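Letter by letter, the chains look like this.
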Amino acid sequence: MGNQTDKKFTWVIKNFSSLGSSNVYSDVFEAGRCKWRLLAYPKGYNNYIYDYFSLFICVPNSESLPSGWRRHAKILFTMVNQIPGELSQQREAEYWFDQKNTTRGFQSMFRLSEIQSSHKGFLVNGEVKIVAEVDVLEVIGIVDVPEKPESFDINGFQVPASQVESVNSLFKKYPGFASKLCPKNPHLKKTYLNVVLSLNEILCKSPDELSNGDLADAYSSLRYVTKAGFKLDWLEKKLKETGKTRLQEIEADLKDLKVKCADMDALLAFLR
């Protein structure tokens with residue numbers, strides 16, 4: 001079992017005390033566009049270091065990498081103390097990995113007696129938690145993980161990765177909503193699309209979450225992108241449905257604004 005966040009990979013070894021195998025591997029994870037895997041010997045390294053927990057990091061796909069590959073990485077292993085406020089234990093090192101050295105780490109990472117002690121906090125509910133932080137300093141040869149593009153082309157729009165799901169969903173539900181869009185400039189198209197996404201998000205909220213000012217801003221934005229050529233019938237419908245539920249409120253607000261405008265006009269006339 002494992003969980004990855006940025007350069008950190010968290011590995012929870014379950015049923016630690018009852019593991020019968022001499023070693024256990026984590027899932028493969030990525031760091032620095034390279035693939036890695038952790039290797040642990042819960043009962044001591046290769047059956048002759050009995051009193052220590054051994055922990056290593058491996059290059060899992062070394063056979064598929066080209067001749068001459070090398071990678072340099074700083075590794076920080078943390079044996080997590082699962083009692084809040086108690087100190088965890090860490091070991092840090094820098095290694096070069098190559099075809100002859102695909103596995104590096106610590107034969108004597110941590111004393112088994114410390115892990116197995118019921119009051120130390122390293123073994124809780126049969127689980128040991130390890131965090132590996134991998135900082136790749138240099139890679140010679142190819143990396144395992146291709147660089148992700150900064151943006152994706154979706155129906156002629158350059159869309160960042162964070163918006164791909166939202167934009168795909170829009171085109172799936174409303175296939176022709178951008179078919180009559182006039183501007184050809186990609187930056188301007190992106191600006192218009194962002195307004196449409198924001199409108200869709202705003203008008204999908206509960207009417208109770210929207211103020212009259214929000215509705216007025218949504219109306220202005222809707223006119224702006226509709227003029228550009230977007231066909232946004234579903235947003236117009238939502239805006240009308242929401243607006244009708246508070247028609248009296250909007251009329252009252254407008255009346256107040258007209259009175260204030262009249263007062264300001266009278267003041268200007270007086271001052272001139």
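Residues numbered from 1 in each chain as written. Predicted model: local features only at pLDDT ≥ 70, side-chain atom pairs only at ≥ 80, totals over all residues. Heavy atoms only, no water.

- As recorded in an unreviewed UniProt entry, the chain goes by the name MATH/TRAF domain, listed as coming from Arabidopsis thaliana x Arabidopsis arenosa.

**Observations regarding the overall build of the chain**
Then, in step 1: Along the chain, the regular secondary structure elements total six helices and twelve strands.
Then, in step 2: Computed over its C-alpha atoms, the radius of gyration of the chain comes to 30 Å, more than 25% above the 19 Å expected for a compact globule of 272 residues.
Then, in step 3: When its C-alpha atoms are laid out on the principal axes, the chain stretches across 95 × 50 × 40 Å.
Then, in step 4: Buried positions account for 36% of the 272 residues belonging to the chain. (Helix = DSSP H or I, 4+ residues; strand = E, 2+ residues; numbered from the N terminus. Rg over C-alpha atoms; globule rule 2.2 N^0.38 Å. Buried < 20%, exposed > 50% of the residue type's maximum accessible area, 1.4 Å probe, protein only.)

**Some remarks on helix α5 (residues 233-244)**
Then, in step 1: In this model α5 runs 16 Å from its N-terminal to its C-terminal C-alpha over twelve residues, within 8% of the 16 Å that 1.5 Å per residue would give.
Then, in step 2: Residues of α5 that are buried: Trp234, Leu235, Leu239, Thr242 and Gly243. The buried residues of α5 occupy an angular sector of 165 degrees when the element is viewed end-on, so they sit on one face. Away from the buried face of α5 by more than 90 degrees, exposed residues Lys237, Lys240 and Lys244 are located. (Expected span 1.5 Å × (residues − 1). Arc of directions from axis to C-beta.)

**Comments concerning the pattern of salt bridges**
Close approach of charged atoms allows side chains with opposite charge to pair.
Then, in step 1: The full count for this structure, using the stated rule, is five salt bridges.
Then, in step 2: With a closest N to O distance of 3.2 Å, Asp233 and Lys231 form a salt bridge. (Salt bridge = Lys/Arg side-chain N within 4 Å of Asp/Glu carboxyl O.)

**Let's talk about unusual backbone geometry**
Then, in step 1: Although it is not a glycine, Asn125 adopts a positive phi angle of roughly 55 degrees.
Then, in step 2: By the element assignment, Asn125 lies in the loop between α1 (112-116) and β10 (128-140).
Then, in step 3: Relative accessible area serves as the criterion here: at 75%, Asn125 is assigned to the exposed category.
Then, in step 4: In this structure, Asn155 takes a positive phi of about 55 degrees despite not being glycine.
Then, in step 5: Counting through the fold element by element, Asn155 comes out in the loop between β11 (151-154) and β12 (157-160).
Then, in step 6: Relative accessible area serves as the criterion here: at 53%, Asn155 is assigned to the exposed category.

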